[in-house]
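Descriptive structure summary
The chain contents come next:
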Amino acid sequence: MSARPDFSAFALFAGLPPDELEDLGRLMRPFAAPAGSVLFAEGAAGDGMYLLQAGTLEAVRPGPHGTAESLATLGPGAVVGELSMLGPGTRTATVNVLEDASGWILDPRAFDLLRLDLRPGSVALARRLGELAAERMRDRYEAIAARMGVVPTPGGYAGALPEVAEAPGELAHLATTLMFARMSAEAVAELAAGARRLHAARGALVLTPGVRPPALYVVVHGAVEVSVRGPATVQRLRLAGPGRAVGHLGVLGTEPAVAEARARERTVLLELPWPRVYELLEGAGEAARAFVVAFSEDVVRALRYAERPVAALRTAPGAAGLSPQPPAPAVATRRPS
Amino acid sequence: MCRVWAHLGDPQLLDEPLFAAENSLVAQSVSPALMSLLNIGGFGLLAWDAASAAPEEPYAYRTPGVPVFDRNLKALARKVHATAAIAHVRGVVYDPAERVGPQNLHPFRFAGARVALAQNGDLHGFAAMRFDLLEHLRPGLADRIEGTTDTEWVYALVLSQLDDPFGPADVDEMATAVEGALDILRDVRARHGIETQSPVNLVVSDGTSMVATRFAFDYGWYPDDDSFFAGEREFDFTTLWYREAPGGESVTIASEPLSLDRADWVEAPEYSLLVIRRHEGGVAVESRELVL
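Residues numbered from 1 in each chain as written. Chains lettered and ligands numbered in written order. Predicted model: local features only at pLDDT ≥ 70, side-chain atom pairs only at ≥ 80, totals over all residues.

Turning next to the sheet that holds strand β13 (residues 245-246) of chain A. Residue and element names in this part refer to chain A. Spatial strand order, β7-β8-β15-β10-β13: five strands in an open sheet with antiparallel pairing. The open sheet has two edge strands, β7 (163-164) and β13, and neither has a second partner. Bridge count for strand β10 (residues 215-221) against β13 is two bridges, and the pairing is antiparallel. Looking across to β13, one finds that valine 218 is bridged to alanine 245. (Pairing = 2+ DSSP bridges. Helix = DSSP H or I, 4+ residues; strand = E, 2+ residues; numbered from the N terminus.)

Below, the structure written as structure tokens:
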């Protein structure tokens, strides 16, 4: 094996500047795992992202009482364990080695060195990992909806939430929440500037299934649940408390969502319309780069939530009724580069 | 915050969940995996044995001491099998106003009552709202409250929603009673303007069936200070998990999985009510959406 990874074999790194790849390569170390071994196990702490240069892997999700579901068979060019790059958490699947495997591993602590410095290459990689996670999240949501026999029909847009004024001390509060905790006070203020604050009463719809989320909504206070609701059961996909967002899938384009988002408690939301989100995702300033990392980490948190083994719930009487909503406004369709 | 474990089904030797398991309840009492800190305020256990002479009467063991050093509990756990049980480690905050003593230990079960209750939670501002609950309690129940915890009042409130607070109750009646009690708590909180996050994970059982909640009032609204409630924001929604035995012969509930490998465990969704009932072939869990 060469002394540095051949990044051209991995689509994840396509287009990153050579000097940034050079820095990333220096942080990687080689790995080799014999056939029959376990590369990592579901539930273990994420120790890094693996770039598979040779061999064959199988990703499986262990179920109760010794059962297991095969998720994918992976060959050279595959990247596994990438979620560990974006925040703490445990492995969501077990990866078994079917044929002798070798490649490179990027330690999340090493990646953090670049990330904390908001280096362009690490920010770009964080954005791509976030997009990958968003695609996985969309697939996960759609699989759950299909399993429940739920087909979203365009109904309307929950855009009538009343606007509220910025509360005293709100910026200081935001700075303590998950999404903003690692940002400077200036970056928090820049991100929140000009964004509308919306109030959602308990039970109010924030996002409607069948419609592309019109904006990214960050919870300031309270909680919003994202769920797929069938006639008799409901599957929770996320409970977003302060410093977490809903509507991430809107970043992928115009595809309509299969899930609804509803305020579980009285909730205050920060609304970031997609043009603003894209501006941030493509921006070069400190606030923009910090947002890319925070957004990607939140996508990963949402994905991890959706992939947890959580029981489906029998629907409560009256909980499924949706109130009439006004028609959807025009929304931006440009995707981030 | 507290830790709780409960079981319903085939006879279970108590040593495994209390001491032997990798993340046993006693291990959690000194090193919980899913919360920041647990200041131990005592331990309590109710264990029903369907084969005993009076199966509706549980063994009871409560101590304000630290369970990890409790040889009596260890000896008991190595001997006793239970077909239903609730065990609870009480967590308390560092505050001179906190009362640590035998009268504040869960699970609560008034003398003569069939239904027992333990809580993993805390009602913010409870001192302000406590006496407004009196009007919702059945006559005679308030007199039986001996301690200072919110849980004992919640217990009296749940009993008050039953047709007969001291009689047998089937699992659906217990579930309705729990929902009714939470409804009352929400109304009383609103009357007092209490709008701070308050987890209310309950485990309720009469030894033949069980109901549990994973629930919180005003989740996501934290006090702007360094109090206990603010400190818990890092740990989010108070957890509850359950595990069904491979053959469906029993169900275990716990604040956190008892094994490091969590593949056999299912996380109860937030805002849910677990209804656990016996049937001919064993025990079944039904998860219901809890919308109040």
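All names here are of chain A. With two bridges connecting them, β7 and strand β8 (residues 196-200) associate as antiparallel partners. Along β8, the bridge assignment pairs valine 164 with arginine 197. Pairing geometry for β8 and strand β15 (residues 267-273), over five bridges, is antiparallel. Within β15, the residue paired with arginine 197 across the bridge is leucine 270.

Residues and elements named next belong to chain A. Look at helix α5 (residues 185-192) against helix α7 (residues 286-307): their axes get within 9 Å of each other, and the N-to-C directions meet at 85°. Taken together, α5 and α7 sit at an angle that is classed as roughly perpendicular. Along its contact with α5, which presents Ala187, Glu190 and Leu191, the element α7 presents Glu286, Ala287, Ala290 and Phe291. Tallied by class, residues from the contact of α5 with α7 come to five nonpolar, no polar and two charged. (Axes fitted to C-alpha atoms, helices over the stretch in contact; angles between N-to-C directions. Parallel < 35°, antiparallel > 145°, perpendicular 65-115°, else oblique. Contact = placed C-beta atoms within 7 Å. Nonpolar A, V, L, I, M, F, W, Y, C, P; charged D, E, K, R; others polar.)

Another point: the packing of helix α3 (residues 120-147) of chain A against α7(A). Residues and elements named next belong to chain A. At their nearest, the axes of α3 and α7 sit 8 Å apart, and the two run at 30° to each other. The angle between the axes of α3 and α7 places the two elements in the roughly parallel class. Handedness of the α3/α7 crossing: left-handed. For the pair α3 and α7, contact is made by Val123, Ala126, Arg127, Leu129, Gly130, Ala133, Ala134, Arg136, Met137, Arg140 and Tyr141 and by Arg289, Val292, Val293, Phe295, Ser296, Val299, Val300, Ala302, Leu303, Ala306 and Glu307, respectively. Broken down by class, the residue content of the contact of α3 with α7 amounts to 15 nonpolar, two polar and five charged. (Left-handed = near helix turned anticlockwise from the far one by under 90°.)

Taken together, the contacts link 28 residues of chain A with 25 residues of chain B. Broken down by secondary-structure element, the contributors of at least two residues to the side of chain A that touches chain B are β10, β12 (233-240) and β16 (313-314) of chain A.

Just distances and angles here, no functional claims.
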